[in-house]
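Each chain is listed here by its residues.
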Amino acid sequence: MNDFRSREDLQFFGRICASVSHDLKNVLAVVNEGAGLLSDLSLMAEKGMPLDPAKLRSVAGSIQAQIRRGDEIIKGLNTFAHSVDEPVSSVNLAEVVSLVVSLAARLARARNVSLEVGACDEVFVRIDVYALEYLLHGMVTHALAHAEDGGVLTFSCSSPGGGSMATLTGAGLGTGAELPGELTALAGEQDVVLAADAGTKTLELVIGKEMK
Amino acid sequence: MKILLVDDEMELVTAMAERLSLRGVDADWAVSGEQAMELVDGCDYDVAVLDVKMPGLSGLDLRRTLSGKCPGMKFIFLSGHGSESDFKAGSAEAECYLIKPVSIEDLLAKIREAVGE
């Protein structure tokens, strides 16, 4: 691997960490305001303002929901961080697709696009997991550049004819600019095929099959 | 003094508005730039507190639109990122740039500073 590719890899890792840290900052900000509101309400109660138990439960529930949200974000980051542990390993494609969708959710929201996981067969592939995440995330990034405002992108996975395939579907896909060169080059290195189909408005990543 | 809070995190702006209200500050909220534009009709807000990064109309874009419509309005940016580029853009275009999570007392102090109190 040359220095340029190493830097691209690191930049991808950095982009994901920056996005996750932004999400976590928002979680902390909401928790901060919720806790602050509880404190304010208790101070007001000391001054004679009646406390509304339903209001307290609602604010506490909001804080708990944010803690669950933060926990999910950190779990995703932890899984992503461990994807560089082994050069090649066996992974469930559905789980990786789901992870990439959650990691790219902020990016999609910023473009006012909904990114969803569609039907996904449980299929195991043997691959460099970090490279797979890079490719799947690159598909999302490319798709977002051509997606319609308010549109929906759906990632699904299947195992047609003994292989395995991750498919990203959405209006505008396959009709825009060519796939970025670094993605097609990385796909070639990983012995997978990345293709855009204007007819079906899809981006497809075809990977060899690994038995569970 | 009337404040407009704009952030796509609804629970953040609603709690913040309530806490400002408990401190005697009249605060409305919106969860998008587009919703904020609907609220800002008569230019009766003194300060707008804007999240820098929002889906659709960003805080920076919203600030430009609002300041064109209401030249007297002051702006405070909120951001979770704190990246160098955000900081430069935010600092250049607003009275103040705060990083989340924000202390309500700090926010209140910056709001008062922005309106010259």
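Once a new chain begins, its residue numbering starts again from 1 and follows that chain's sequence as written. The order in which chains are written sets their letters, starting at A; the order in which ligands are written sets their numbers, starting at 1. Given that the model is predicted, a residue must reach a pLDDT of at least 70 before its local features are reported, and side-chain atom pairs must reach 80 or more before they are shown or counted; all residues, however, enter totals for whole chains, interfaces and linings.

Focus on the overall build of chain A
What counts, and what does not: Helix numbers and strand numbers start at the N terminus; a helix is a DSSP run of H or I with at least 4 residues, a strand a run of E with at least 2. Residue burial is a threshold on neighbouring C-beta atoms within 10 Å of the residue's own C-beta, all placed from the backbone, with 20 or more meaning buried, 12 or fewer meaning exposed, and counts in between meaning partly exposed. Throughout, a residue-residue contact means that the two C-beta atoms, derived from backbone geometry, are no farther apart than 7 Å.
Regarding its fold elements, chain A presents 6 helices and 7 strands. Mapped from its N terminus to its C terminus, chain A presents α and β elements in the order α-α-β-α-α-β-β-α-β-β-α-β-β. In terms of its C-alpha atoms, chain A occupies a principal-axis envelope of roughly 70 × 35 × 35 Å. With 212 residues in all, chain A has 34% of them scored as buried. Sequence-distant contacts in chain A: of pairs separated by 6 or more residues, those separated by 24 or more amount to 74%.

Overview of the interface of chain A and chain B
A common way to state how big an interface is: give the accessible area lost once the parts meet. What counts is decided by this rule: For this classification, Asp, Glu, Lys and Arg are treated as charged, while Ala, Val, Leu, Ile, Met, Phe, Trp, Tyr, Cys and Pro are nonpolar and the rest, including Gly, are polar.
Across the boundary between the two partners, chain A contributes 17 residues, which contact 17 residues of chain B. Of all the secondary-structure elements, those providing two or more residues to the side of chain A that touches chain B are α1 (3–46) and α4 (105–110) of chain A. Split by residue class, the side of chain A that touches chain B holds 6 nonpolar, 7 polar and 4 charged.

Section: the sheet that holds strand β2 (residues 26–30) of chain B
Residues and elements named next belong to chain B. Filter applied, for reference: Being paired, for any two strands, means DSSP has found at least two bridges between them. Fitted lines through C-alpha atoms give the axes, limited to the stretch in contact for helices. The angle between two N-to-C directions lies from 0 to 180 degrees.
Taken together, the 5 strands give an open sheet; going across it, the order is β2-β1-β3-β4-β5, and neighbouring strands pair in parallel fashion. The outermost strands of the open sheet, each flanked by one partner alone, are β2 and β5 (96–99). The mean inter-strand angle of the sheet, taken between neighbouring strand axes irrespective of direction, is 20 degrees. As judged from the 4 bridges shared by strand β1 (residues 2–6) and strand β3 (residues 47–51), these two strands associate in the parallel manner. Within β3, the position partnered with L5 by the bridge is V49. Most of the contacts of helix α1 (residues 10–22) go to β2, to which it runs at about 175 degrees, and overall it touches β1 and β2.

Some words on the domain arrangement of chain A
All names here are of chain A. As a reminder of what qualifies: Domain delimitation in this document rests on an assignment produced automatically or drawn from a domain database.
Each assigned domain of chain A is listed here: domain 1 (3–82) and domain 2 (89–207). Across the boundary between the two partners, domain 1 contributes 9 residues, which contact 8 residues of domain 2. When residues of the side of domain 1 that touches domain 2 are traced back to their parent elements, those giving at least two are α1 and α2 (53–82). No other element matches the 6 residues that α1 contributes to the side of domain 1 that touches domain 2. A breakdown of the residues in the side of domain 1 that touches domain 2 according to their chemical character gives 3 nonpolar, 4 polar and 2 charged.

Here we look at the sheet that holds strand β2 (residues 114–120) of chain A
Whenever strands of a sheet pair, they do so through backbone hydrogen bonds, lying parallel or antiparallel. Residues and elements named next belong to chain A. The strand order across the open sheet built from 5 strands is β2-β4-β5-β7-β6, with neighbouring strands paired in mixed fashion. Both outer strands of the open sheet, β2 and β6 (193–197), are each paired with one neighbouring strand and no more. This sheet shows a mean twist of 15 degrees between the axes of neighbouring strands, independent of strand direction. Looking at chain direction, strand β4 (residues 152–158) and strand β5 (residues 164–169) are connected through 5 bridges and run antiparallel. Paired with F155 across the two strands is L168, which belongs to β5. Along the sheet face, helix α3 (residues 93–103) touches β2, β4 and β5 and points at about 170 degrees away from the line of β2. Against the sheet, helix α5 (residues 129–146) contacts β2, β4, β5, β6 and β7 (202–207), and its axis sits at roughly 170 degrees relative to β7.

Some words on the nonpolar core
This is how the line gets drawn: Here a nonpolar core is just a set of buried residues of the types Ala, Val, Leu, Ile, Met, Phe, Trp, Tyr and Cys, joined wherever their C-beta atoms sit within 7 Å.
Counting 88 residues, the largest nonpolar core has V97, L136 and V140 of chain A together with L5 of chain B as its most contacted members. With 9 residues, the single largest contributor to this core is α5 of chain A. Counting contributing residues per domain, this core is built from domain 1 (3–82) and domain 2 (89–207) of chain A, each supplying no fewer than three. With residues up to four places along the chain from it excluded, the contact list for V97 of chain A reads V117, C120, L136, F155, C157 and A166 of chain A.

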